[in-house]
Amino acid sequence: DIITFKIGQYNVVGVHGDQDKPLTVVDNMTLMTHQHYDLVLSSHRHHFECDEKNETLVISNGSLMGTDSFAEHLRLTSRPSQNLIIVSEKSVCDALYRIVVD
């Protein structure tokens, strides 16, 4: 459930997110793979979240289906959404669009 790839000159790591917390995912992936990442993508939490740690952007994708019965049981709800990230030569995230699905 870990994938690493490059977009231009940027190093990106994608994780499912069930093994990681947003506050520790940058440190964990960096230490585990001995790489610096410009962008960390995750999805397990089923809601949009964006943060930055030590020049690494952490973006959590929303759920395409929205709230499921498990999340509802935990009193966690969200609208269905996906993220569109525009990458440029100047920035790993020149623009970020949250697309809400109705």
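Being a predicted model, the structure only gives us computed values, none of them experimental. (Residues numbered from 1 in each chain as written. Predicted model: local features only at pLDDT ≥ 70, side-chain atom pairs only at ≥ 80, totals over all residues. Heavy atoms only, no water.)

(A) Quick look at the overall build of the chain. Secondary structure summary: the chain contains 2 helices and 7 strands in total. Along its sequence from the N terminus, the chain presents helices and strands in the succession β-β-α-β-β-β-α-β-β. Taking the principal axes of its C-alpha atoms as reference, the chain extends roughly 40 × 25 × 20 Å. Across the 102 residues of the chain, 28% fall into the buried class. Within the chain, contacts between residues at least 6 apart in sequence are counted, and of these 34% link residues at least 24 apart. Surface summary for the chain: the accessible area is close to 6800 Å², and the carbon and sulfur share equals 54%. The averaged location of the 14 negative side-chain charges in the chain is 4 Å from the averaged location of its 8 positive side-chain charges. (Helix = DSSP H or I, 4+ residues; strand = E, 2+ residues; numbered from the N terminus. Buried < 20%, exposed > 50% of the residue type's maximum accessible area, 1.4 Å probe, protein only. Contact = heavy atoms within 4.5 Å. Areas by Shrake-Rupley, 256 points an atom, 1.4 Å probe, with all protein chains shown as cover. Lys, Arg positive; Asp, Glu negative; His and termini not counted. Charge placed at Lys NZ, Arg CZ, Asp CG, Glu CD.)

(B) Representation of the sheet that holds strand S3 (residues 39-42). Read from one edge to the other, the open sheet built from 5 strands follows the order S1-S2-S3-S5-S4, with strand pairing classed as mixed. Each of the sheet's edge strands pairs with one partner strand only, and the pair in question is strand S1 (2-7) and strand S4 (49-53). On average, each strand axis in the sheet is tilted by 20° relative to the strand beside it, whichever way the strands run. Here 5 bridges tie S4 to strand S5 (residues 56-60), and the two strands are oriented antiparallel to one another. Bridge pairing in S5 places Cys50 opposite Ile59. (Pairing = 2+ DSSP bridges. Axes fitted to C-alpha atoms, helices over the stretch in contact; angles between N-to-C directions.)

(C) Focus on the layout of surface pockets. Computed from the structure, the largest pocket encloses a volume of approximately 280 Å³. Partitioned by chemical class, the residues of the lining of the largest pocket number 4 nonpolar, 6 polar and 2 charged. (1 Å grid on protein atoms, 1.4 Å probe; cavity = no way out; pocket = protein on both sides within 12 Å on 5 of 7 lines; lining within 4 Å. Points joined across faces, edges and corners; volume = space filled by probe spheres on them. Nonpolar A, V, L, I, M, F, W, Y, C, P; charged D, E, K, R; others polar.)

(D) Highlighting the nonpolar core. If you look at the biggest cluster of nonpolar residues, it comprises 8 residues: Val13, Val15, Val25, Val26, Met29, Tyr37, Val40 and Val58. No other element matches helix H1 (residues 25-33), which puts 3 residues into this core. In contact with Tyr37, other than residues within four places in its own chain, are Thr4, Asn11, Val12, Val13, Met29, Thr30 and Thr56. (Core = buried A, V, L, I, M, F, W, Y, C linked by side-chain atoms within 4.5 Å.)

(E) Examining the pattern of salt bridges more closely. Evaluation of the coordinates by the stated rule reveals 1 salt bridge. One salt bridge in this structure joins Asp27 and Lys53, with 2.6 Å as the shortest N-O distance. Of the two residues, Asp27 is situated in helix H1 and Lys53 in strand S4; the sequence distance between them amounts to 26 residues. (Salt bridge = Lys/Arg side-chain N within 4 Å of Asp/Glu carboxyl O.)

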